[in-house]
Every structure is written in C-alpha cells, then in structure tokens.
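# Fold and contact review
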Protein chains: 2
Amino acid sequence: MSRGTVYGVGLGPGAADLMSVRADRLVRGAAHLAYFRKAGRAGQARTIVEGMLRADVQEYPMEYPVTTEIPVTDPRYAEVLSGFYADWAAKLRDLAEGGTDVVVLCEGDPFFYGSFMHLHSRLQGAVPVEVVPGITGMSGAWTATGKPVTWGEDVLTVLMATLPEEVLHDRIVATDALVVMKIGRHLPKLRRALAAAGKLGAAWLVEHAQMPQERVMPLFEAPEQVPYFSIVVVHGQGRRP
Amino acid sequence: MSRGTVYGVGLGPGAADLMSVRADRLVRGAAHLAYFRKAGRAGQARTIVEGMLRADVQEYPMEYPVTTEIPVTDPRYAEVLSGFYADWAAKLRDLAEGGTDVVVLCEGDPFFYGSFMHLHSRLQGAVPVEVVPGITGMSGAWTATGKPVTWGEDVLTVLMATLPEEVLHDRIVATDALVVMKIGRHLPKLRRALAAAGKLGAAWLVEHAQMPQERVMPLFEAPEQVPYFSIVVVHGQGRRP
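Residues numbered from 1 in each chain as written. Chains lettered and ligands numbered in written order. Predicted model: local features only at pLDDT ≥ 70, side-chain atom pairs only at ≥ 80, totals over all residues. Heavy atoms only, no water.

## Quick notes on the interface of chain A and chain B
Worth spelling out the cut-off: A contact between two residues is defined here by any heavy atoms of the two lying within 4.5 Å. Summed over both partners, buried area is the accessible surface (1.4 Å probe) that two parts give up on being assembled. The salt bridge definition used is simple: a Lys or Arg side-chain nitrogen within 4 Å of an Asp or Glu carboxyl oxygen. Here a strand is any run of E in DSSP of at least two residues, a helix any run of H or I of at least four, and the numbering for each starts at the N terminus.
Listed per partner, the contact involves 59 residues of chain A and 59 residues of chain B. Between chain A and chain B, a total of about 4700 Å² is buried, with carbon and sulfur atoms accounting for 60% of that surface. Our enumeration of links across chain A and chain B arrives at four salt bridges. Its salt-bridge partner being A:Arg25, residue B:Asp17 comes within 3.6 Å of it at the nearest N-O pair. For the side of chain A that touches chain B, the elements supplying multiple residues, two or more each, are α1 (21-29), α3 (75-97), α4 (116-123), β5 (129-132), α5 (137-145), β6 (156-160) and α6 (165-174) of chain A.

Put into structure tokens, the structure is as follows:
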C-alpha cells in the first residue's frame, strides 16, 4: 500500500477566490481535512473554505489547548503546545502511513509564522509532506490600503507586535517599509513606538484584510480595541521614475 | 457608456496553478491583456499564462526602453523610464475611458517591488483600477527550500542586492530571517556581506522558484552566474514549541 501525503495548503488572506488554483483543487477534493482553531470557535481557516467541501469530508479540528491563558514566556506554555503538536503530528502520520491523504488548512502562507510549521517539522522525513504557498496576510493588507508597500531599493521589515517596545522602536526607525502583525492588545505599545519613531502619521491599520468585514484606516484614527490578526503597514517611499 | 477597469493581476511566483482563482478567472476572460517584458524576449509574465488565453485576446507587450544599458543612478534612466510609464498609462487610460477592461499581468504580487506600481500611481483617480494580490516570489522561494522562513517573534528583513555592501552587511547582522532579491551580478558583493556577517553557511539560493527550471542550493555551492530574479533566503531560528 502506498503512503498518503500531508498537504499544508496556504489559503491566502481570507477571500476564498484568493487561494491558489492548486489550493482550491486540493481543498475541494479533500476527503480528510484538518485545521487549527480556538476551542469553541468555527476557526478562520475553516470559515474560508465553507461551501467548498465534499459532502463526505472527514474533518479534524485541531483545537489549541491554550491561547492566551498562559503567557508565552511560561515554560508550561511551550510544554503544553509541544504535546499538542506532537499528538496531532502522530495522528496525521498514522493517516498518511495508512494510505490516506490529508489536507491541512493554513491561513496565509504555511511557512510564514504559521502553526502548520510545528506539524511540518515533526512530519518531515517520516511521511510525504507537500506545502502549497499562499498569499500572505500582509499582501492582503497592503493591497487593501490601495498603495504599493515597497519601491526601488526600499528595505522591508516585518515585526511581531509582541516584541518589547524599545525593539519595535529601533526597528521602526531603521526601516523604509514596515509590516507589523499580531497586534491585538499590543496596540498601545506599538502606537507609542511608532510615534517616538516619527512614523505614527504614516501608519495604516488593516483589520480582516480581504474579508467581508475588512476595515482600513490611518492608525491614528484606529480604536483602542483591534483584533489580534490586524496588520499595520507603513509604505516605503523609494525610487519611482 | 461605462468606463472599463484596469486590473493589476498578481500571477504568483511562476507555476500557473499558483495564481489565485480570481487571477485565473481574469486572465482566462481577458479580451485585452498587457504585460511588461524586455524587448526581444517572450517575457516571464506572458510565459506563465501561455495556454490560458482567449483565442481573440488583444495583447499589449510593454517593452522596457532600457534595462541595464544605463545605470539606475543616471538621471537619463529615470527620465526614459518615466516617459515609458507615462505613455503606457495614457494608453491604458484611453482603453478604460473607452469602456474596455484591461488585465495587466504582474509577476508575484503587484504592490511588492513591481513595475505595475508605476502605472498604478499614474492611473489612480483617473480610471477604475483594481489590484489582485499574488503569492510573492519570496514565498515561492522559501517554500522551495522546504523549511519555514519565520518562527515566533523572528524579525524578517527583505533587501535588494543592489544596495551597497556595507548596508547589506549591517542589515544582515541585525535580522533573524532574511530575503534578498534582484541578485544577478550583485552575487559576489552579497556573498561577501553574508560571509562577514557570519551567515553565508546558513543562506540558500533559489533560482526560478516554482518553475520547471527551479534550482535550490546552499549559497556557498552556488555558481558565480545566477539569474537576476534569484532569491536568497536565510531562515529564522525563532521559538518553536
């Protein structure tokens, strides 16, 4: 019996027709479909593919055992998550070893700050794994602003808003174009870092890029509460003939 | 008579089935199709869509008046290119004002270091323009290496190899994950900057990512001559439970 393949499939930023033709074909054809979600939620990845699935699809919701209840710096956080990824990697490996293909849904691009990476590192070499790249959430966000993000020789820096304020500040000062992800409750800190770097007025906030509830606004007009998956963009000002 | 729309359509890194479902539909339906290319060449964007076009499609190859004949620092370079973009923007505007939709093919993502941006800035506000994001060439490249590019709180820096050696060096030292684009004849300089930053051994070179002629290799094994559109990737080593 030949082994199955685990497919890590990038879904892109949120609109179903922004997934690749290859991803679309794999999702529509999937008999076994796995995706991450917070317990009790539908899950963003699963929401994107609603209406595309086979009637007989077998679904494997992989529910994070912890999200914000334990700080990421707490050793228990890594321990709990490590066990979670190991368990699911074992289940997917068993399926593939039994000859079953499994499609794992990935928001954005699987190899860019994605949860699938933690399964990939545990499955690689054990069973066949294929990764289908996707349009990143940040591409969706800068497209939503209606302005190009990088010109000529602009340097682009991508930061997580979870970083310390002084790190954010120094990185923001040093770059031409900027993308900041995972914002949520880190917004006040990010706002201070941008202001101190003289870039608050040039920053845009994009919530739910390329989804029906998309909102785009100058960051200084943004509310205090924004979703975790909001993205801040500062456009580069490089050479343009 | 209603005006037409100019569509800037991201084609992704190179494989036809890595364009989005939306891009695929626009390309297959296009009656008027424009794309950049070097004079005398088929053009990478046009090559990607070969076999997908309507039999009666009208094509507008936009041939760069200059590529490497004049240094980018020479004022004539900006002048010649500026006239070129202005002329084509006027032609596309005329088509749209006459009620015709035009699809402009863009390699990768249109708003990420793309030529379409120079048309977009001249058309915006004059006629309807819509941008369809695409999978970036860099996503195609890091996927081709088989390893995730960014983990946890990794900082990602994107650089053009055309930058001065000391700028490259300082940026390479300061980042966790790295993407360098537009390499070509700048390879020896980039190699020295990576070596001085202690990262040459960790760097990967990807040529023609996600195309039939794709090649992936450790940078220290790369030949002296590589294509302009090669991409160098240094993977981040951030938190991974």
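## Some details on the relation of the copies chain A and chain B
The line we're drawing: Superposition of the copies used a least-squares fit over C-alpha atoms from residues whose pLDDT is at least 70 in both.
Of the transformation superimposing chain A on chain B, the axial component is 0.0 Å and the angular component is 180 degrees, with the fit at an RMSD of 0.0 Å. The operation mapping one copy onto its partner corresponds to a two-fold rotation axis. Mapped onto chain B, 100% of the interface residues of chain A again fall at the interface, so both copies present the same surface.

## As for the side chain of B:His32
Residue position: B:His32 is located in strand β2 (residues 32-38). The contact partners of B:His32, leaving out residues within four places of it in the chain, are B:Val57, B:Gln58, B:Tyr60, B:Thr100, B:Asp101, B:Val102 and B:Val103.

## Regarding unusual backbone geometry
Glycine aside, negative phi is the norm for most residues, and most peptide bonds take the trans geometry. The test is simple: The buried label goes to any residue with under 20% of its type's maximum accessible area, the exposed label to any with over 50%, and the partly exposed label to all in between, with areas taken from a 1.4 Å probe on protein chains only.
Phi is positive for A:Tyr113, close to 55 degrees, though the residue is something other than glycine. Relative to the assigned elements, A:Tyr113 resides in the loop between β4 (102-106) and α4. For A:Tyr113, a relative accessible area of 11% corresponds to the buried category. Residue B:His208 is not a glycine yet carries a positive backbone phi of 50 degrees. When you line up the elements, B:His208 lands in the loop between β8 (203-207) and β9 (215-218). A residue is classified by how much of its surface remains accessible, and B:His208, at 25% relative accessible area, is partly exposed.

## As for the pattern of salt bridges
Counting across every chain of the model gives 22 salt bridges over all chains. Note that A:Arg54 is salt-bridged to A:Asp56, the shortest N-O span being 2.9 Å. In the salt-bridge network here, residues are joined through shared partners; they are A:Asp17, B:Arg22 and B:Arg25.

## Here we look at the domain arrangement of chain A
All names here are of chain A. Keep this limit in mind: Segment limits for the domains were obtained from an automatic or database-derived domain assignment.
One can read the domain layout of chain A as domain 1 (6-135) and domain 2 (138-234). Each of domain 1 and domain 2 has a C-alpha centre, and the two are 26 Å apart. Where domain 1 abuts domain 2, roughly 710 Å² becomes buried across the two surfaces, and 70% of that area is made up of carbon and sulfur atoms. Sorting the residues of domain 1 by area buried against domain 2 places Pro13, Phe112 and Tyr113 first, and these three jointly supply 60% of that buried surface.

## Quick look at the sheet that holds strand β3 (residues 58-64) of chain B
Consider a sheet: its strands pair through backbone hydrogen bonds, and that pairing is either parallel or antiparallel. Residues and elements named next belong to chain B. Cut-off, in case you're wondering: By this definition, two strands are paired if DSSP reports at least two bridges between them. For helices, the fitted line uses only the C-alpha atoms of the stretch in contact; every axis is such a line through C-alpha atoms, and the angle between N-to-C directions lies from 0 to 180 degrees.
Here we have five strands laid out as an open sheet, ordered β3-β2-β4-β1-β5, and parallel in their pairing. Each edge of the open sheet is held by one strand with a lone partner, namely β3 and β5 (129-132). In this sheet, neighbouring strand axes are inclined to one another by 25 degrees on average, regardless of whether the strands run parallel or antiparallel. Judged from the seven bridges that link them, β2 and β3 form a sheet pairing that is parallel. Counted as the bridge partner of arginine 37 is glutamate 63 from β3. Contacts between helix α3 (residues 75-97) and the sheet are confined to β1 (6-10), β2, β3 and β4 (102-106), with β3 contributing the most and set at about 165 degrees to the helix.

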